[in-house]
Amino acid sequence: MPANGGGHAAAPPLAAVGGGRRGAGRWALRGAAFGYLALILVVPLGMVGWRAFGDGVGPVLDALDNRFFLHALWLTAIITLITVVANTIFGVAIAMVLARRRGVGGAILSALVTLPLAVSPVIVGLALVLVWGRQGWFGGALADQGIQVIFALPGMVLASIFISLPFVAREVAPLLREIGTEQQEAAATLGASPLQTFRRITLPAIRWGIAYGVVLTTARALGEYGAVAVVSGHLLGRTETLTLHVEDRFQAFDIVGAYTAALVLAFLALLAVVTMHLTRPKESRS
Amino acid sequence: MSGRLAALRPGLGPLRPRGFGGPLTLGLGTCFLSLIVLIPLAAVIWRSQSDGADTFWAAISSPRAVSALQLTVGISLAVALINTVMGILIAWVLVRDRFPGRRLVDALIDMPFALPTIVAGLTMIALYGPRSPLGVDVAYTRAGIALALLFVTLPFVVRAVQPVLMELDREVEDAAASLGAKPRTIFLRVILPNLRPAVLTGVGLAFSRALGEFGSVVLIAGNVPFKTELSSVLIFGHIESGNPAGAAAVSVVLLAISLVVLVGLSIGERMGGDRAR
Amino acid sequence: MPSPSRLRLPFVALACLAALAVAAGCGGSGSSGGSGGTTLSLVAYSTPREAYGEIVPAFQKTAAGKDVEIQQSFAASGEQSRAVEAGLPADVVAFSLEPDVTRLVKAGLVAPDWNAGRYRGMVTDSVVVFVVRKGNPKQIKTWDDLIQPGIQVVTPNPLTSGGAQWNVMAAYGAQLKLGRSDAQALDYLASLFDHVVAQDKSAREALQTFLGGKGDVMLAYENEAIAAQQAGESLDYVVPDQTILIENPVAVVSKSQHLPQAQAFVRFLYSPQAQRIFARRGYRPVVGAVLARFTFLAPPALFTIADVGGWPSVRERFFDPEKGAVTRILQGQAPA
């Protein structure tokens, strides 16, 4: 693994720029960067831990044992799992199409895949209610059949899939483009079935792209609030994810409970971030 | 490439790989995208005008909606610009400097992406609200909104600029230095122009994100119309107060702005050739 | 490529956590809905969570409530009402104000005779009060004090929160009680909203905002002030001389799959036991016998929603999403 980027071994850092009077310049830059990061990032995170343990360890353990917390944790895990599986399978499929199609079709597809990154979560919630709510396009007919989408698990899963859709596709597509179709064509000539080609040739090449995309998807799905807030219905112990549970505890005057759940989420985020760091494609890493 | 292989099998024409990537995959992928993305968004667009053009226009031109939009776009732009400057600076320190814990700091940059927005909002209120241990109270003000948005858009410019900074050819900088150019000149004339496509991508993503942000601002903003009400909160208010047409109308405006930014990003990506997250 | 061994650890950690989460959840959610029991869904407005937290177990100890599990949801009254209309499963609804039930009657989800009973469908009462900091440092006692320069008011968003609508009608009605004209009362409302510094979507969220340190005074249900005090928050509340009698409805959803149990639950809410629980939690009971045993302050100029025109006309005049007076005030236009 390269220690610095670009392979320029000899040049000392900051030699040409910002290092004229090397000491002062470098420290000024560092100070600005660290100060900003501390203010915007580190201290807020520290607050979560501080507030959670404000009354000591006991209440935190109680909060972790609370049945609404446990259910929210389970619900979040289930939703995230379904989301990751769906977005991985379809993400790879879409990436394959993206890799092969150039021109207008490819551009439209690419824009569609990137769209969820630019849509506000509340718009996602509104859109889902308009389609799947009782007065929505499909919701009425489904309700008559007894199928509940909005205010139940399916609706929340749909919201989650929407907002985390782009990641796997966008990570895998460039990799597919890079490796090209040569090897797959060769395999086809030699009589390999599509499945064999995929398993032996395509998959190994895109493995780390998928891994990184999966981590991004997981992190994004875990942390979603706005979209699920609209489609959840706030049924305690039934349709509250971990993020909604944080809000619920807050409103029940349970500050320790709220910050404990927030701490769990922050910890999961930290885990995701570390994994992101380790799986990030080589050229993006310092 | 396929031509070469085709030469190996004369008479059979260009070789198209069977299976994945072909029409079936395209069909499945399109179905998935339609169900998940296209149809819901189409429903929003349809609903915004299904009560008539007058209702649509009234909803988006009401003083309250206009004020919310101005506030949203204004703050998002300001935040994107601040994070551009700070993002370049942080990326610089991360790439060009060496200090203990650098990898940890590098990893932490992604925290705002992974941290749930509601948690970010809670911490912002706890830290910069009325009971702030730092004595800073900007909750329920525009400064508070900006602070929350700075948090969530932090990673975009940093991550967009980092790979480009790493690939930069130092020799040009060294040459300029040896010719007597001052560090500031080198930065402005040599480095910055190379960063521009990446910076624009980062700014576009940061702006898009800030435009629609909800979870982290809804707690700290105060949501008072004309003072601290963002478009995303206005949309939420319309949804919850039984005005889906109004909600859809304001949504369409936000979507349109996002679309413009997206298209710009797309074009920029093709020109810059780098992969944006 | 990152080396596989380094990579494995975080994934293993994530996988362990996921397994733990599922296991924990199975343990946690396994206890819901015992064998052969029914599950009711109670959709309520934001404030009575503590009260129902006590009432539901009490109901489950009765014969009618045996083996009945009750899932609860608390959020802003308007929000909940619309959610039920849009498909949120509900067997019993408990809202802040009558129009939120009327909406469901129009949608065919609640029977038109839901309020034909003795208590007209209302299960608890309250009044609008001023919640202030401990010791009332700014000496806020009257409605005119609210619009003094520099006073910051917290009230929820009237278009989503039932509590906010009660607040607005209390303010309007108080002006009339003070002898002012309708036009002057509307002007007062406009001035009042000038002083509002935060608009949360529900009464409970507004309380959290106020408790977080924002604002000098909050307009709230009396029961919210009491709930906060019972939760250990240090604040005081002032019952203004002129204020409105808040009446909170409860109704059975006629499309419920468990009609007998739902009706039994609603009946239980009127029992002395449940009404006492409400009273201890700060609500004014509707059952006279129970009310007599508690001391609630009686404001000299108490009025009801009927005195200011009744909900149907009030909703149209003040809260219509396009033309209502409050909507116009929030839009920055003149109220009338």
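What counts and how
- Along each chain, numbering runs from 1 in the same order as the chain's sequence is written.
- Written order decides the labels, with chains lettered from A and ligands numbered from 1.
- The predicted origin of the model limits local features to residues at a pLDDT of at least 70 and limits the giving and counting of side-chain atom pairs to 80 or more, whereas totals for whole chains, interfaces and linings rest on all residues.
- With hydrogens and water excluded, all non-hydrogen atoms of the structure serve as input to the side-chain values.
- By definition, any uninterrupted DSSP run of H or I lasting at least four residues is a helix, any uninterrupted run of E lasting at least two residues is a strand, and each is numbered from the N terminus.
- Buried residues are those whose accessible area, probed at 1.4 Å on protein chains only, stays under 20% of the maximum for their type, while exposed residues exceed 50% and partly exposed ones sit between those limits.
- Throughout, a contact is declared for two residues whenever any of their heavy atoms are within 4.5 Å.
- Each accessible area is a Shrake-Rupley estimate made with a 1.4 Å probe; only the visible protein chains count as cover when residues are assessed.
- Buried area adds together the accessible area that both of two parts lose upon being put together, with accessible area traced by a 1.4 Å probe.
- By definition, a salt bridge exists where a carboxyl oxygen of Asp or Glu is found within 4 Å of a side-chain nitrogen of Lys or Arg.
- Think of a polar contact as two N or O atoms within 3.5 Å of one another; within protein, one of them needs to be a possible hydrogen donor and the other a possible acceptor, and neighboring residues in sequence only count if both atoms come from side chains.
- Residue polarity follows a fixed list, in which Ala, Val, Leu, Ile, Met, Phe, Trp, Tyr, Cys and Pro are nonpolar, Asp, Glu, Lys and Arg are charged, and the others, Gly among them, are polar.
- Only protein atoms enter the 1 Å grid, on which a cavity is a set of points fitting a 1.4 Å probe that cannot get out and a pocket is an open set with protein on both sides within 12 Å along at least 5 of 7 lines, lining residues being those with an atom within 4 Å of a point.
- Grid points are joined across faces, edges and corners, and a volume is the space filled by probe spheres set on the points.
- Each axis is a line fitted through C-alpha atoms, and for a helix only the stretch in contact is used; angles between axes span 0 to 180 degrees, taken between their N-to-C directions.
- These descriptions rest on fixed angle ranges, namely under 35 degrees for roughly parallel, over 145 for roughly antiparallel, 65 to 115 for roughly perpendicular, and the rest for oblique.
- In a left-handed crossing the near helix is turned counterclockwise from the far helix by less than a right angle, and in a right-handed crossing that turn is clockwise.
- Within 6.5 Å between ring centres, the rings of Phe, Tyr and Trp (the latter by its six-membered ring) count as paired, and their orientation is classed by plane angle as stacked under 30 degrees, edge-to-face over 60, tilted in between.
- Confidence scores per residue from the predictor, reported as pLDDT, run from 0 to 100.
- We call two strands paired when DSSP finds no fewer than two bridges between them.
- With strands facing away from the observer, any crossover in which the path from the first strand over the helix to the second runs clockwise is taken as right-handed.
- Each patch is built from residues that are more than 30% exposed by relative accessible area and take part in no salt bridge. Like charges join if they lie within 9 Å; nonpolar side chains (Val, Leu, Ile, Met, Phe, Trp, Tyr) join within 5 Å.
- By nonpolar core is meant a set of buried Ala, Val, Leu, Ile, Met, Phe, Trp, Tyr and Cys residues that side-chain atoms within 4.5 Å join together.

Novice: Tell me about the overall build of chain C, and please be specific about residues and values.
Specialist: Helix and strand counts for chain C stand at 14 helices and 11 strands. When each of the 336 residues of chain C is scored for burial, the buried share is 59%. Long-range pairs, those at least 24 residues apart, make up 74% of the contacts in chain C between residues at least 6 apart in sequence. Element-wise, carbon and sulfur atoms account for 54% of the exposed surface of chain C, whose accessible area totals about 12,800 Å².

Novice: Just give me the short version of the overall build of chain A, but keep the residues and values in it.
Specialist: Helices and strands together make up the secondary structure of chain A, namely 13 helices and 0 strands. Of the regular secondary structure in chain A, the N- to C-terminal order runs α-α-α-α-α-α-α-α-α-α-α-α-α. Taken across its 286 residues, chain A has 59% of its residues classed as buried. Excluding contacts between residues fewer than 6 apart, the proportion of contacts in chain A whose partners are at least 24 apart in sequence is 71%. Entry remark: accessible area of chain A is about 10,700 Å², with carbon and sulfur atoms responsible for 64%.

Novice: How would you summarise the interface of chain B and chain A if you had to cite specific residues and measurements?
Specialist: Listed as interface residues are 109 residues of chain B and, on the opposing side, 108 residues of chain A. Of the roughly 9,700 Å² buried at the junction of chain B and chain A (both faces included), carbon and sulfur atoms supply 75%. Where chain B packs against chain A, one counts 1 salt bridge. Linking chain B to chain A there are 4 residue pairs in polar contact (both at pLDDT 80 or more). Looking at the side of chain B that touches chain A element by element, the count peaks at 18 residues for helix H2 (residues 23–49) of chain B. Of the residues belonging to the side of chain B that touches chain A, the class tally is 72 nonpolar, 15 polar and 22 charged.

Novice: With reference to specific residues and values, describe empty space enclosed by the protein.
Specialist: The tally for this structure, following the rule as stated, stands at 13 cavities of 30 Å³ or more. The calculated volume of the largest cavity comes to roughly 180 Å³. As for the largest cavity, its lining consists of 17 residues, of which Val218(B), Asn223(B), Val233(B), Gln199(C) and Lys201(C) are closest to the centre. Sort the elements by how many residues they give to the lining of the largest cavity and helix H11 (residues 231–240) of chain B lands first, with 4 residues.

Novice: Describe the packing of helix H6 (residues 162–177) of chain C against helix H7 (residues 182–194) of chain C, with residues and values.
Specialist: Residues and elements named next belong to chain C. It is at 9 Å that the axes of H6 and H7 come closest, and there the two elements cross at 140°. By the angle between their directions, the pair H6 and H7 is classed as oblique. With respect to the hand of their crossing, H6 and H7 are arranged in right-handed fashion. In contact with Val168, Ala171, Tyr172, Gln175 and Leu176 of H6, H7 contributes Asp182, Ala185, Leu186, Tyr188, Leu189, Leu192 and Phe193. In the contact of H6 with H7, the residues fall into 10 nonpolar, 1 polar and 1 charged.

Novice: Can you explain the pattern of salt bridges? Please cite residues and give values.
Specialist: Throughout the structure, instances matching the rule amount to 25 salt bridges over all chains. The salt bridge involving Asp106(B) is made with Arg159(B); its shortest N-O contact spans 2.7 Å. One end of the pair, Asp106(B), is in helix H5 (residues 102–108); the other, Arg159(B), is in helix H8 (residues 142–167), and 53 residues separate them in sequence. The exposure classification of Asp106(B) matches that of Arg159(B), with both residues buried. Arg204(C) is paired through a salt bridge with Glu224(C); the nearest N and O atoms lie 2.9 Å apart. Within this pair, whereas Arg204(C) is found in helix H8 (residues 203–211), its partner Glu224(C) is found in helix H9 (residues 222–230), the two being separated by 20 residues in sequence. The two residues Arg204(C) and Glu224(C) agree in class, both being buried.

Novice: So what about the environment of Leu179(B)? Which residues, and what values?
Specialist: All names here are of chain B. Of note, Leu179 is situated in the loop between helix H9 (170–178) and helix H10 (183–212). The class for Leu179 is exposed, based on a relative accessible area of 75%. Separated by 51 residues in sequence, Leu179 and Tyr128 have C-alpha atoms that sit 48 Å apart.

Novice: Please give an account of the packing of aromatic side chains that cites residues and values.
Specialist: All names here are of chain C. Tallied over the entire structure, the rule returns 19 aromatic pairs over all chains. Measuring from centroid to centroid gives 5.7 Å for Tyr52 and Phe278, while their planes differ by 90°, and the two rings are edge-to-face. Here Phe278 lies in helix H11 (residues 272–280) and Tyr52 lies in helix H2 (residues 49–60), a separation of 226 residues in the sequence. We classify Tyr52 as buried; its relative accessible area is 2%. Put simply, the rings of Tyr52, Phe59, Phe265, Phe268, Phe278 and Tyr283 pair up and form one aromatic cluster.

Novice: Can you tell me about the confidence of the model for chain C, naming the residues and giving the values?
Specialist: When the pLDDT values of chain C are averaged, the result is 89; 89% of them are 70 or greater. With a pTM of 0.85, the predicted complex shows an ipTM of 0.84.

Novice: Tell me about the pairing of strand E2 (residues 68–74) of chain C, and please be specific about residues and values.
Specialist: Residue and element names in this part refer to chain C. Most of E2 is tucked away: 6 of the 7 residues are buried. Taken together, the 7 bridges between strand E1 (residues 38–44) and E2 define a ladder with parallel strand orientation. Following the sheet pairing, Thr38 is matched in E2 by Val68. Chirality of the crossover, the property in question, places the unit of E1, H2 and E2 among those that are right-handed.

Novice: Outline a nonpolar patch on the surface, supporting the account with residue identities and numerical values.
Specialist: Residue and element names in this part refer to chain A. A grouping of Leu81, Ile82, Val85, Ile89 and Leu153 is seen on the molecular surface, where their side chains present a nonpolar patch of about 440 Å² in accessible area. It is helix H3 (residues 67–100) that contributes the most residues to the nonpolar patch, 4 residues altogether. Note on placement: Val85 falls in helix H3. A residue is classified by how much of its surface remains accessible, and Val85, at 46% relative accessible area, is partly exposed.

Novice: Which residues make up the packing of helix H7 (residues 117–128) of chain B against H8(B), and what values go with them?
Specialist: What describes two packed helices is the angle between their axes and the distance between those same axes. All names here are of chain B. The N-to-C vectors of H7 and H8 enclose an angle of 135°; their axes lie 10 Å apart at closest approach. The angle between the axes of H7 and H8 places the two elements in the oblique class. Crossing of H7 against H8: the hand is right-handed. Every residue of H8 that contacts H7 at Ala120, Met124 and Tyr128 is listed here: Leu147, Ala148 and Phe151. A breakdown of the residues in the contact of H7 with H8 according to their chemical character gives 6 nonpolar, no polar and no charged.

Novice: Describe unusual backbone geometry, with residues and values.
Specialist: Non-glycine residue Tyr140(B) carries a positive phi angle of around 65°. With respect to the element layout, Tyr140(B) can be found in the loop between H7 and H8. Residue Asp67(C) is not a glycine yet carries a positive backbone phi of 60°. By the element assignment, Asp67(C) lies in the loop between H2 and E2.

Novice: Run through the nonpolar core, naming residues and quoting values.
Specialist: Where a protein is soluble and globular, its nonpolar side chains tend to be buried together. Counting residues in hydrophobic clusters, the biggest one holds 193 residues, and the most contacted among them are Ile90(B), Leu165(B) and Val93(C). Apart from the residues lying within four places of it in its own chain, the contact partners of Val93(C) are Val43(C), Val84(C), Leu104(C), Pro249(C), Val250(C), Ala251(C) and Val253(C). Counting residues in hydrophobic clusters, the runner-up holds 75 residues, among them Ile151(C), Phe193(C), Leu219(C) and Trp311(C).

Novice: I'd like a rundown of the side chain of Gln72(C), residues and numbers included.
Specialist: The residue Gln72(C) is located in strand E2 in this model. Among the residues examined, Gln72(C) registers a relative accessible area of 15% and is labelled buried. Sequence-distant contacts of Gln72(C), defined by excluding residues within four places in its chain, comprise His234(A), Leu235(A), Leu236(A), Leu42(C), Tyr52(C), Gly53(C) and Val56(C).

Novice: Explain the confidence of the model for chain A residue by residue, including any values.
Specialist: All names here are of chain A. Put simply, chain A has an average pLDDT of 82, and 90% of its residues get 70 or more. Taken element by element, chain A is modelled with least confidence in helix H1 (residues 22–52), mean pLDDT 78, and with most confidence in helix H7 (residues 153–163), mean pLDDT 94. A low-confidence stretch, residues 1–21 stays under pLDDT 50, and its non-local contacts, those more than four residues away or across chains, total 37 contacts.

Novice: An account of the environment of Ala143(A) is needed here, citing residue identities and associated values.
Specialist: Its place among the elements puts Ala143(A) in helix H6 (residues 139–144). Sequence-wise, Ala143(A) and Trp132(A) are 11 residues apart; in three dimensions their C-alpha atoms are separated by 9.1 Å.

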